[in-house]
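Commentary on secondary and tertiary structure
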Amino acid sequence: MEQQVGGILRLKASGSAVLGRIDQGEISASQSRQSDVVVGEDGLVRPRWAMRTEAMTRYYDDEWGVPKWEDAQVFRILSLLILQAGLFWGSTLGRADALADLMCGLDPVEVARLSGAEVDALVVNPQIIRNGRKLRAIVNNAQVLQDWDVGLAELVWSFQPTDTPRPMNQDEVPLESPESAALARALKARGFVFVGPRICYSLFQCIGVVDTNLVGTHRRGASGLWASDGTRLADRAPVDVPAPAGVRPESGEEDGFSAA
């Protein structure tokens, strides 16, 4: 249900959305680009994609764009993004718990130990997204990560840009950037697969490397890493940045991917 109020849509959560971007087929030509910013029943302003389901709203409010510094956290989100490629993020979100249960919590050390037979069994398991190429890519990435001389989180954050977009609507949210393309090349050079510039940019968005919250939404600037004009507040290493006020502490066990 939607209602136009002062150029901003008010709507109840329903349907699904692709990560960070609206399904353009669901938007009528008569709706203005301002409809990308909506006000929920709680009075908080969010991007329209975050209002499609209650799970998406919780994920947006609590997790999306919250800085994550630990290798296991970054690996888990990157793995989910690999599975999400070509699909709605909502469908991946809804199967994240089952995937974690079947793939050792998506802990890279444990995933690296999965045998070929175990992976073959996953490919035919109806509880998760059955895509052999994607599942094998996740296992491959976990295995090669064990031999790295640098942490995954450290590598990803080393590509943080000096400024972040200030999008007023979803059309202004980038799909990739020079930094995400450079990260994709670096990951591939170290043996990772299924990691292109767009997946890497989605990773940037998810873990706070950039802030692509629409201007005016209640999560804009919540990470504490960006000034209002989009410039980086400081050259900080992950260990030097405290958790933003109002954001729950992160852990490998509870990172908001549950659709329950």
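Residues numbered from 1 in each chain as written. Predicted model: local features only at pLDDT ≥ 70, side-chain atom pairs only at ≥ 80, totals over all residues. Heavy atoms only, no water.

With that out of the way, let us pick up the nonpolar core. In this structure, Met103, Leu152, Val156, Leu187 and Ile207 are the most contacted members of the largest nonpolar core, which totals 53 residues. Listed by contribution, the elements that provide at least two residues to this core are helix 1 (54–62), helix 2 (71–84), helix 6 (116–123), helix 7 (132–145), helix 8 (152–157), helix 9 (178–189) and helix 10 (197–207). Looking at this core, the element that brings in the most residues is helix 2, giving eight residues. Here Ile207 is in contact with Gly65, Val66, Pro67, Lys68, Val74, Ile77, Val156 and Trp157, once residues within four sequence places are set aside. Residues Val37, Val45, Val173 and Leu214 belong to the second largest nonpolar core, which totals five residues. (Core = buried A, V, L, I, M, F, W, Y, C linked by side-chain atoms within 4.5 Å. Buried < 20%, exposed > 50% of the residue type's maximum accessible area, 1.4 Å probe, protein only. Helix = DSSP H or I, 4+ residues; strand = E, 2+ residues; numbered from the N terminus. Contact = heavy atoms within 4.5 Å.)

Predicted confidence across the protein chain gives a mean pLDDT of 77, with 69% of residues reaching 70 or more. Between residues 1–34, whose pLDDT stays under 50, and residues either more than four places distant or in other chains, the model counts 88 contacts. The model gives residues 239–260 a pLDDT under 50, and that stretch makes 38 contacts with residues more than four places away or in other chains. (pLDDT = per-residue confidence, 0-100.)

Here we come to the pattern of salt bridges. Overall, the coordinates contain eight salt bridges when judged by the stated rule. For Asp120, the salt bridge is made with Arg136, and the minimal N-O distance between the two is 2.8 Å. Taken together, the residues span a long stretch of sequence, with Asp120 in helix 6 and Arg136 in helix 7 at a distance of 16 residues. A salt bridge links Arg190 to Asp149, with the shortest nitrogen-to-oxygen separation between them at 3.0 Å. Placement of Arg190 in the loop between helix 9 and helix 10 and of Asp149 in the loop between helix 7 and helix 8 is noted, with a sequence separation of 41 residues between them. Exposure remark for Arg190: the relative accessible area of 32% places this residue in the partly exposed category. The network of salt bridges with common partners includes Asp42, Arg46 and Asp61. (Salt bridge = Lys/Arg side-chain N within 4 Å of Asp/Glu carboxyl O.)

Before going further, it helps to examine the environment of Glu110. Looking at the secondary structure, you find Glu110 in helix 5 (residues 108–111). Exposure remark for Glu110: the relative accessible area of 33% places this residue in the partly exposed category. When the C-alpha positions of Glu110 and Gln143 are compared, they lie 9.3 Å apart, and in sequence the two are 33 residues distant. A polar contact of 2.9 Å, which involves the side chain of Glu110, links it to the side chain of Arg113. (Polar contact = N/O pair within 3.5 Å; in protein donor to acceptor, adjacent residues only side chain to side chain.)

Turning to helix 2, a few remarks are in order. Residues that lie three or four places apart on an α-helix share one face, since the helix turns once every 3.6 residues. In this model helix 2 runs 20 Å from its N-terminal to its C-terminal C-alpha over 14 residues, within 8% of the 20 Å that 1.5 Å per residue would give. By the criterion of burial, helix 2 is predominantly enclosed, with 12 of the 14 residues buried. For helix 2, the full list of buried residues reads Gln73, Val74, Phe75, Arg76, Ile77, Leu78, Ser79, Leu80, Leu81, Ile82, Leu83 and Gln84. (Expected span 1.5 Å × (residues − 1).)

Moving on, we come to the packing of helix 2 against helix 7. Two elements in contact, helix 2 and helix 7, have axes separated by 9 Å at closest approach and are oriented at 155 degrees. By the criterion of interaxial angle, the relationship of helix 2 to helix 7 is roughly antiparallel. Like other packed secondary-structure pairs, helix 2 and helix 7 cross with a definite hand, here right-handed. Residues Phe75, Ser79, Ile82, Leu83 and Gln84 of helix 2 pack against Lys134, Leu135, Ile138, Asn141, Ala142 and Leu145 of helix 7. Of the residues in the contact of helix 2 with helix 7, the class split is seven nonpolar, three polar and one charged. (Axes fitted to C-alpha atoms, helices over the stretch in contact; angles between N-to-C directions. Parallel < 35°, antiparallel > 145°, perpendicular 65-115°, else oblique. Left-handed = near helix turned anticlockwise from the far one by under 90°. Nonpolar A, V, L, I, M, F, W, Y, C, P; charged D, E, K, R; others polar.)

Here we come to unusual backbone geometry. Although it is not a glycine, Phe194 sits at a positive phi angle of roughly 60 degrees. Note that Phe194 resides in the loop between helix 9 and helix 10.

The next point concerns the packing of helix 9 against helix 10. Taken N-terminus to C-terminus, the directions of helix 9 and helix 10 make an angle of 110 degrees; their axes are 8 Å apart at the nearest point. One way to sum up the angle between helix 9 and helix 10 is to call them roughly perpendicular. Read as a crossing pair, helix 9 and helix 10 show a hand that is right-handed. Across the interface between the two elements, Glu179, Ser180, Ala181, Leu183, Ala184 and Leu187 from helix 9 touch Pro197, Cys200, Tyr201 and Phe204 from helix 10. Of the residues contributing to the contact of helix 9 with helix 10, the split by class is eight nonpolar, one polar and one charged.

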